[in-house]
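Chains, contacts and geometry: an overview
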Amino acid sequence: MRAAALFLGLLASAVAAAQDYPSKPVRLVVGFPPGGNVDVVGRIVAQKMSEGLTQQVVPENRTGAGSIIANEYVAKSAADGYTLLIVSGAFVTQAATMKKLPYDSLRDFSFISTIVTYPLVFSVRSDSRFRTLGEFIAFVKSSPGKVNYPSPGMGTLYHLAGEMFVSMAGIEMQHVPFRGGSEPLTEVLSGRMELLIDALTNSYPHIQGGKFRPLAVTSLARSASLPNVPTVAQSVPGYEASSFLGIAGPPRMPGAIVERINREVRRVLALPEIAQRFAEWGGTPSASSPEEMRRHVAAEIEKWEKVVEARKLELQ
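Within the protein chain, the secondary structure is distributed over eleven helices and ten strands. Here the C-alpha radius of gyration of the protein chain, 21 Å, is about what a compact globule of 316 residues would show, namely 20 Å. Dimensions of the protein chain along its principal axes, counting C-alpha atoms only, are 75 × 40 × 30 Å. Taken across its 316 residues, the protein chain has 51% of its residues classed as buried.

So, on to the environment of A78. Relative to the helices and strands, A78 is located in the loop between α3 (68-75) and β3 (83-87). Between the alpha carbons of A78 and G249 there is a distance of 9.1 Å; along the sequence they are 171 residues apart.

On to the packing of helix α2 (residues 37-53) against helix α9 (residues 255-269), then. Direction vectors running N to C along α2 and α9 enclose 120 degrees, while the axes themselves pass 9 Å from each other. Of the two possible hands of crossing, α2 and α9 adopt the one that is right-handed. Here α2 contributes K48, M49, E51, G52 and L53 to the contact with α9, which in turn contributes R260, I261, E264, V265, R267 and V268. When the residues that make up the contact of α2 with α9 are grouped by side-chain class, the tally is five nonpolar, one polar and five charged.

Interhelical geometry of α2 versus helix α10 (residues 272-279) gives an angle of 175 degrees and a closest axis separation of 12 Å. When the axes of α2 and α10 are compared, the pair comes out roughly antiparallel. For the pair formed by α2 and α10, the contact residues are V41, I44, V45 and K48 on the first element and E273, I274, R277 and F278 on the second. Across the contact of α2 with α10, the residue classes break down as five nonpolar, no polar and three charged.

Attention now moves to the packing of aromatic side chains. Counted under the stated rule, the structure contains eleven aromatic pairs. Ring centres of F130 and F136 lie 5.3 Å apart, and the angle between their planes is 85 degrees; this geometry places the pair in the edge-to-face category. A single burial state applies to F130 and to F136, both of which are buried. Aromatic rings pair up to connect F91, Y103, F109 and F111 into one cluster. Its guanidinium or amino end placed over the ring of F139, R129 lies 4.4 Å from that ring's centre, counting from NZ or CZ. Note that K303 overlies the ring of W304, its terminal NZ or CZ placed 5.2 Å from the centroid.

Membership of the largest hydrophobic core comes to 84 residues, with the highest contact counts inside it found for F136, F165, M173 and I247. Setting aside chain neighbours within four positions, we find M173 in contact with F136, V140, V147, Y149, F165, V166 and L195. Grouped together as the second largest cluster of nonpolar side chains are 13 residues, M193, I207, F212 and L226 included.

With that settled, consider the environment of P102. With respect to the secondary-structure elements, P102 resides in the loop between α4 (89-97) and β4 (110-125). Taking the C-alpha atoms as reference points, P102 and L185, separated by 83 residues in sequence, lie 31 Å from one another.

What follows is about the pattern of salt bridges. One pass over the structure, following the stated rule, counts 18 salt bridges. For K48, the salt bridge is made with E51, and the minimal N-O distance between the two is 3.9 Å. Here K48 and its partner E51 are both found in helix α2, three residues apart, which amounts to about one turn of the helix. Note on K48: relative accessible area 13%, which makes it buried. With its nearest N and O atoms 2.6 Å apart, the salt bridge here joins R267 to E264. Of this pair, R267 and E264 both sit in helix α9, separated by three residues, roughly a single helical turn. What makes E264 buried here is its relative accessible area of 4%. In this structure, a network of salt bridges that share partners links the residues R27, E60 and R62.

Calculation rules
- Residues numbered from 1 in each chain as written.
- Predicted model: local features only at pLDDT ≥ 70, side-chain atom pairs only at ≥ 80, totals over all residues.
- Heavy atoms only, no water.
- Helix = DSSP H or I, 4+ residues; strand = E, 2+ residues; numbered from the N terminus.
- Rg over C-alpha atoms; globule rule 2.2 N^0.38 Å.
- Buried < 20%, exposed > 50% of the residue type's maximum accessible area, 1.4 Å probe, protein only.
- Axes fitted to C-alpha atoms, helices over the stretch in contact; angles between N-to-C directions.
- Left-handed = near helix turned anticlockwise from the far one by under 90°.
- Contact = heavy atoms within 4.5 Å.
- Nonpolar A, V, L, I, M, F, W, Y, C, P; charged D, E, K, R; others polar.
- Parallel < 35°, antiparallel > 145°, perpendicular 65-115°, else oblique.
- Phe/Tyr/Trp six-rings, centres within 6.5 Å; stacked < 30°, edge-to-face > 60°.
- Lys NZ or Arg CZ within 6 Å of the ring centre and 35° of its normal.
- Core = buried A, V, L, I, M, F, W, Y, C linked by side-chain atoms within 4.5 Å.
- Salt bridge = Lys/Arg side-chain N within 4 Å of Asp/Glu carboxyl O.

Here it is in structure tokens:
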């Protein structure tokens, strides 16, 4: 009886806390520096969520280790809904490529909703000899191992997307990792490397500015931002790679608070101005249920784990 009374008391307290939520500012932790795409999206969403929650949602940059520091911080925070995390594509590739993380990528988080999805884009310099992805594949097949492609680091989404492309297209390219997001772009702009595999959110301004020629997008359907650009799957059947941003919190958050935040995210993503802002970077608002986000994260981890195994990539 005493245990049952204690349980009922705790349940009542949790319900009351959820009904009062939020009663103070909410922190939205971003694992990347200010000014980047993840930070910009986080700030836009935080501002609009503040209006609906009538409490400030305050972006907080905790950078380092490719967002692992931020992820760990949130995973070990109080599960009261006042510390949230922007989850990025790095979250799933790290789970697939790293031997040990200071958290379990599925068990140690309460997934709330995806925010935006966006494809990657295969681009070459605007004066490149290649006008189609088919031409590029044919050239690489005729010169196996002689073409390099850069990425911002081992185990990044762009590296894994390249490895999956090499495997599915039946070609040989050498991966050249760098330490940072801008160096691969510089390598291709300089002409030292031929192919850039990057998020459409990063490449879109350079495509619009005439510096890059897009050969293909990595989504299964064409991007509304580049409607005349074919998909990689049109040349390599079945190929698909994309990235996303979402919101999560510490494990075991009360369901009522998760649902309250989820409703607010859905409201924000339904705003026409948000869709327009995301489209400017090649992204699409993509609200989901908490369970849909969890399934998406799990499926992405499994997908990249298979690439790591198939390509015999060394775990970090």
